[in-house]
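# Structural characterization, general
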Amino acid sequence: MKFDKPATLNPIDRLRVVGQPLDRIDGPLKTTGQAPYAYEHRHQAVADAAYGHVVGAGIAKGRITGMELDAARAAPGVLAIVTAANAGPLDKGKMNTVRLLGGPEVDHYHQAIALVVAENFEQARAAAALIRVDYAVAEGAYDLAATRDTAKKVDQSATATGDFAGTYAAAPVRLDATYTTPDQSHAMMEPHASVAAWDGDRVTVWTSNQMIDWGAGDLARTLKLPREKVRLVSAFVGGGFGGKLFLRADALLAALGARAAGRPVKVALSRPLMMNNTTHRPATIQRIRLGAGRDGRLTAIGHESWSGDQEGGGPETAVDQTRLLYAGANRLTQLRLAVLDLPEGNAMRAPGEAPGLMALEIAMDEMAEKLGMDPVAFRILNDTQVDPNDPERPFSQRQLVECLRQGAARFGWERRDGRPGSRRDGRWLTGLGVAAAFRNNLVTQSGARLRLDRDGRVTVETDMTDIGTGSYTIIAQTAAEMMGVAIDRVTVRLGDSSFPVSAGSGGQWGANSATAGVYAACVKLRDAVAQRLGFNSADAVFEGGQIRAGNRSADLAEAAGPDGLVAEDSIEFGDLAETYQQSTFGAHFVEVAVDAATGETRVRRMLAVCAAGRILNPKTARSQVIGAMTMGIGGALMEELAVDTRHGLFVNHDLAGYEVPVHADVPHQEVIFLDEVDPISSPMKAKGVGELGICGVAAAIANAVYNATGVRVRDYPVTLDKHLDRLPALA
Amino acid sequence: MKPFTYERAASPAEAAAAARRHPDARFIAGGTNLLDLMKLEIETPSHLIDVNGLALDRIEATPDGGLRIGALVRNTDLAADPRIRRDYALLSRALLAGASGQLRNKATTAGNLLQRTRCPYFYDGNMACNKRQPGAGCAALGGVTRQLAVIGHSEACIATNPSDMAVALRALDAVVETVAADGSTRAIPVAEFHRLPGDTPQHETALQPGELITGVTLPPPVGGRQIYRKVRDRASYAFALVSVGAVVQPDGTARVALGGVAARPWRVEAAEPELARGARAAIDAILDGARPTQDNAFKVTLAARTLQAVLAEARS
Amino acid sequence: MRAPDVATTRRDLVTGTAATAAMMAAPSASEARAPAQAAAAPRAAAAALAKVSFRVNGEACRLELDTRTTLLDALREHLRLTGTKKGCDHGQCGACTVLVDGRRINACLTLAVMHEGDTITTIEGLGSPDRLHPLQAAFVRHDGYQCGYCTPGQICSSAAMLDEIRAGIPSHASADLTATPQVTAEEIRERMSGNICRCGAYSNIVDAITEVAERQA
């Protein structure tokens, strides 16, 4: 189905199932431990799986000059050892910047350099520790600040609208400030894990991956196999946040290990390997210049960002939102990219916007203060309803102002004292902060196959994944709504590369695109049902397990017949995304308390107001947003991969060293979804919220900390050491 | 994890005998730190002696009015004991500020005293560490040191001791009781239990090989306001940046021990009279000779401000 | 919704592992001392095997395991009870939380052979999709999970945590150490902090636990 005109009234608009806050259909499996994750598959095909343990490089850059494998080979239970020397010719995946199996060249710390396969886990781990590696260490670049001047301009996301330099120089009120965001780790709870089994020259890999088609394609490419020889299955994914978008070492090495050992092999990355072996959100240095008239209207907006990555990698696109978020005739955005030999940087939840708004939304707070304006009023004043770089191009929907207004009213914003450091609650300094949330809405082709059985059950198959987002449930809701059956009459099967290719889970495009693909397949199935039963599908109504037109009706099961009825289609998006700017908006409000003595910050209240198109399931969508708000707390207050700039590694590479929020860090969280349908986005009229939810949170917290203390911190995370010596003296 | 044989000991004598037979053995009780380190092959015993059956899991009154805590008393049970909560609140508070509910259910009194540093370079086998491999050097010096020591460290090691419980025991003048492999027993004041690194950071405590902790004794209750303040980035389930354990008497005199600043709980009795001149003066005296790094210089200010808050709370 | 691709049979339980595993109808009285092990090989010492018997979810289990096997791996890899999750294997996340003799512990930081005679409850022992435990049902109702990987640990932990409050065990969040602790959101948050949820379902998890605690009160 081609989607190239705004959606009109369709069966989804009935909202009998879609739009309802239903419990997840996979909930009973997840809460009872019955949902099988990658490492837990127990097909007969993998019943005798051996265990693989990954060895990571002990240096960041250089060359392996010797690898002593004899002791490991001779160790009890060892079946095979895979290294680059014996793995056979391998290509690199299209989506991978760096090879997944290193050697003899080492590209980054903890890059996989060997897999030891043994009868059991304990044997594999112990044997892996017996491998001795000699290296010739090469010099590398590990310090973003030190390489800043070598960074090269990147065309992507560059803006030069009007006369930024001249307008900024002449602006009556100006801000020029530099902010930094650190490297961050996805730190999903389920480690990257895979079980691989070969059947002749075909390999099946049960894995934990957000994007099945990318993963299957890159596994085939890396192994130099025809694409059809590779099957990937990810029925349940224990979190991803961008860290499982791509083929990673666990899947490749499980396949190589299984081939070498001649039997199925299971591999999970050990937790201490994950932070350096896999991808991370790259650190940024961001310079923001804002110029405004005394009336508070922005006239010049400049945002430049520096980040680093491995040779051939890409920049963190931290300036993206600045192209579109606020009005202002003169604009400059520019990315610069340095070559670093740290592990591969790549997408993490809301790449670009998340770190970009961490900086921009502090800058807006600082500018409001310079102007003597309320930060909410300042943002409202500078709203735009069109693409500021192309006024002919409207937003499909843009309710940022309403998000700010409703949020301010709900949160009690009027009680905020604009004089920082002026509110006290016992030992705590308290403050309120606000930030705008913005995330572009991406749409991606997505397919599904539907089957109607003779008992009237509907089965949906698509390679879409559910990484905790609720895909199982919203896809079931979509099929139930379209086919007019109860949701418990729908079976959803996901995450198998033998199913139609979907949008996958990434870039907050999954919910809208994947359900739109299911919609398309449902339309086809409705046509097939109507045709088989002699109805005109244009005026047929599907409800109560029946098809009806006029006073005639028939059970869907009748149409299925003994062999069932199958329909497959995909949604393909036309150029509406060019005609209209599609984005999602929100506003975050936060109250913090800062210990007046120690400078520790604790979040007391949080509210997010989101405008993100039709909300397909308010219960799961709300969870997406509170989860993102929680990750935002981490980004604001604690998360930082600490770089050892001498040895080129993230030092705190486990969950004790890399702190993410725990229960005690998170207050009750409130989320409001504005009533919005966006017919430009898809027949579902929905958009995404999973990434919108994190955008701006950290800045709202940083602004609240400033409001509490009067000390402005521009380097994340806002830990106590960054303001301690400037806090008021104790009584 | 290297292979090891395993046996259960039923009495301290049996444990001591087993330790004599296996010079490379480790005692295991809660296992929450030992197994963590064995998985990384930082600890590589060839034999484990399970001491959980030693019946050292009671808290008993001592003749002088103090308490004797069995080595195997779990952190949860110690923190929840009504006598500890009433008379040694500092200890209860310190325990409850540490780790998680699950870990406290397993971790023992003796094991908590023996837990090893959380220095990230100690935990990474690719990085030089004099604790893991004497003479290898210390990769942490000059590296990421925000969590590490500001005082008492050496050119060989800048690690901190991560225990909260030990800070409380230091302020409470507890004594560690042990039985050696030859069956002899001794009592070691907590003050002398943890060693500073010097040239031999691999030697972290006063224990001899094969020596087993059987219990910890607390002197009679000292009264006063007992406060344990742990400062950390994350609100729970995190190691201290700095912690302050204090017993403040109505006359203003106090005992103060600091956590997160050195390889052992840091208490300087001679500096405690300085408290009369305020927290900053006291910290200047307690941390006299501190040599913080650029990363962790904030800990000195933090200790002073935290102590000031603790003293204010004690007065309130 | 049914679990896809899961075929658990009793036969599965005795295949595919290096050590032998068997479920027995009655607890074993056999001693589980490690045999005196022969001298180690020059480079890699041979693994020592040891027998252990304990009850899991009401069933007696007798295993002979490599001594290095954690309780977590015994459950997951030998007894095929994969509801208990391995998130970090180092006691840093809580995904492996199980109940041993009613107390919650991290199954990753304890050896299976150290649990002779113990009674172990895993998530599978609390309830099943057809017969949800009240906490499991409340987690579903409040959407107290997203990816689901930390969820079994959160639920096992909360079951024991509520018992700890009932037993009068104080926490870091208890204002008065000597008072009887109450079930408040602040207490729940502090006591559940050993269970990390990276998806960030905390706010809903606290709501789910609170609902169950109030109904039990």
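Procedures and definitions
Residues numbered from 1 in each chain as written. Chains lettered and ligands numbered in written order. Predicted model: local features only at pLDDT ≥ 70, side-chain atom pairs only at ≥ 80, totals over all residues. Heavy atoms only, no water. Helix = DSSP H or I, 4+ residues; strand = E, 2+ residues; numbered from the N terminus. Buried < 20%, exposed > 50% of the residue type's maximum accessible area, 1.4 Å probe, protein only. Contact = heavy atoms within 4.5 Å. Areas by Shrake-Rupley, 256 points an atom, 1.4 Å probe, with all protein chains shown as cover. Domains from an automatic or database assignment. Buried area = accessible area lost by both parts, 1.4 Å probe. Salt bridge = Lys/Arg side-chain N within 4 Å of Asp/Glu carboxyl O. Polar contact = N/O pair within 3.5 Å; in protein donor to acceptor, adjacent residues only side chain to side chain. Nonpolar A, V, L, I, M, F, W, Y, C, P; charged D, E, K, R; others polar. Pairing = 2+ DSSP bridges. Axes fitted to C-alpha atoms, helices over the stretch in contact; angles between N-to-C directions.

## A look at the overall build of chain C
- The helix and strand inventory of chain C stands at 7 helices and 6 strands.
- If you list the helices and strands of chain C from N to C, you get α-β-β-β-α-β-β-β-α-α-α-α-α.
- Taken across its 217 residues, chain C has 61% of its residues classed as buried.
- Nonlocal contacts in chain C, meaning residues at least 24 apart in sequence, comprise 55% of its contacts between residues at least 6 apart.
- Approximately 7600 Å² of chain C is accessible, and the part contributed by carbon and sulfur atoms is 51%.

## Regarding unusual backbone geometry
Residues and elements named next belong to chain A.
- Here Gly-103 and Pro-104 are connected by a cis peptide whose omega angle stands at -5°.
- With an omega of -10°, the peptide bond running from Tyr-716 to Pro-717 counts as cis.
- As for its position among the elements, Pro-717 is in the segment after α17 (697–709).
- Here Ala-187, not a glycine, exhibits a phi torsion of approximately 50°, which is positive.
- Among the secondary structure elements, Ala-187 is positioned in the loop between β9 (173–181) and β10 (193–199).

## Some remarks on the domain arrangement of chain C
All names here are of chain C.
- Under the domain assignment used here, chain C contains domain 1 (49–126) and domain 2 (127–216).
- One C-alpha centre belongs to domain 1, the other to domain 2, and the line joining them spans 21 Å.
- Between domain 1 and domain 2, the contact holds 18 residues from the first and 17 residues from the second.
- Taking both sides of the interface into account, the surface hidden between domain 1 and domain 2 amounts to around 1400 Å²; carbon and sulfur atoms contribute 56%.
- Area buried by domain 1 at its contact with domain 2 is led by Arg-104, Ile-123 and Leu-126, which between them contribute 46% of it.
- Across the domain 1-domain 2 interface, the total number found is 1 salt bridge.
- One salt bridge in this structure joins Glu-164 and Arg-104, with 2.8 Å as the shortest N-O distance.
- Taken together, domain 1 and domain 2 are joined by 7 residue pairs in polar contact (both at pLDDT 80 or more).
- Within the residue set of the side of domain 1 that touches domain 2, elements represented by two or more residues are β4 (97–100) and α3 (123–126).
- Taken together, the residues of the side of domain 1 that touches domain 2 break down into 5 nonpolar, 8 polar and 5 charged.

## Examining the interface of chain A and chain C
- Facing 81 residues of chain A, the contacting portion of chain C comprises 69 residues.
- With both sides pooled, the region where chain A packs onto chain C buries about 6000 Å², and carbon together with sulfur makes up 56% of that total.
- Summed over the three residues of chain A that lose the most area to chain C, namely Arg-42, Met-189 and His-663 of chain A, the buried surface amounts to 16% of that side.
- Between chain A and chain C we count 6 salt bridges in total.
- As a salt-bridge pair, Asp-89 of chain C and Arg-125 of chain A come within 3.9 Å of each other at their nearest N and O atoms.
- Across the contact surface, chain A and chain C share 29 residue pairs in polar contact (both at pLDDT 80 or more).
- For the side of chain A that touches chain C, the secondary-structure elements that each account for two or more residues are α1 (27–31), α2 (70–74), α3 (121–128), α8 (271–277) and α16 (618–637) of chain A.
- Considering each element in turn, the side of chain A that touches chain C owes the most residues, 9 residues, to α16 of chain A.
- Of the residues that constitute the side of chain A that touches chain C, the class distribution is 40 nonpolar, 23 polar and 18 charged.

## Quick look at the interface of chain A and chain B
- The partner chain B presents 35 residues to the 41 residues of chain A that form the contact.
- On inspection of chain A and its partner chain B, the count reaches 3 salt bridges.
- Salt-bridge contacts for Asp-721 of chain A lead to Arg-146 of chain B; the nearest nitrogen and oxygen are separated by 2.9 Å.
- Within the residue set of the side of chain A that touches chain B, elements represented by two or more residues are α3 and β30 (643–644) of chain A.
- Residue composition of the side of chain A that touches chain B, grouped by class: 25 nonpolar, 6 polar and 10 charged.

## Some points on the pairing of strand β16 (residues 330–339) of chain A
All names here are of chain A.
- In terms of burial, β16 is largely enclosed, as 8 of its 10 residues are buried.
- Across 6 bridges, the pairing between strand β8 (residues 152–161) and β16 is antiparallel. Bridge pairing in β16 places Val-154 opposite Leu-335.
- Alignment of strand β15 (residues 298–309) against β16, held across 10 bridges, turns out to be parallel. When the sheet's bridge partners are listed, Gly-302 is paired in β16 with Leu-332.

## Examining the packing of α16 of chain A against helix α7 (residues 202–216) of chain C
- Running from N to C, α16 of chain A and α7 of chain C cross one another at 115°; their axes reach a closest spacing of 8 Å. For the pair formed by α16 of chain A and α7 of chain C, the contact residues are Arg-622, Ser-623, Ile-626 and Thr-630 of chain A on the first element and Tyr-202, Ser-203 and Asn-204 of chain C on the second.
- Split into classes, the residues belonging to the contact of α16 of chain A with α7 of chain C amount to 2 nonpolar, 4 polar and 1 charged.

## Regarding the domain arrangement of chain A
Residues and elements named next belong to chain A.
- You can read the domains of chain A as domain 1 (2–35 + 444–573) and domain 2 (373–441 + 582–726).
- One C-alpha centre belongs to domain 1, the other to domain 2; they are set 35 Å apart.
- If you look at the interface, domain 1 gives 32 residues, while domain 2 gives 27 residues.
- Interface area for domain 1 against domain 2, summed over the two sides, is near 2200 Å², with a carbon-plus-sulfur share of 55%.
- Looking at the side of domain 1 facing domain 2, the largest losses of area belong to Phe-3, Gln-508 and Asn-512, adding up to 30% of the total buried there.
- Salt-bridge contacts for Asp-13 lead to Lys-685; the nearest nitrogen and oxygen are separated by 2.8 Å.
- At the junction of domain 1 and domain 2, the tally comes to 15 residue pairs in polar contact (both at pLDDT 80 or more).
- Contributing elements (two or more residues each) for the side of domain 1 that touches domain 2: α12 (471–483), α13 (510–533) and β27 (565–573).
- Considering every element that reaches the side of domain 1 that touches domain 2, the biggest residue donor is α13, with 5 residues.
- Class assignment for the residues of the side of domain 1 that touches domain 2 results in 15 nonpolar, 14 polar and 3 charged.

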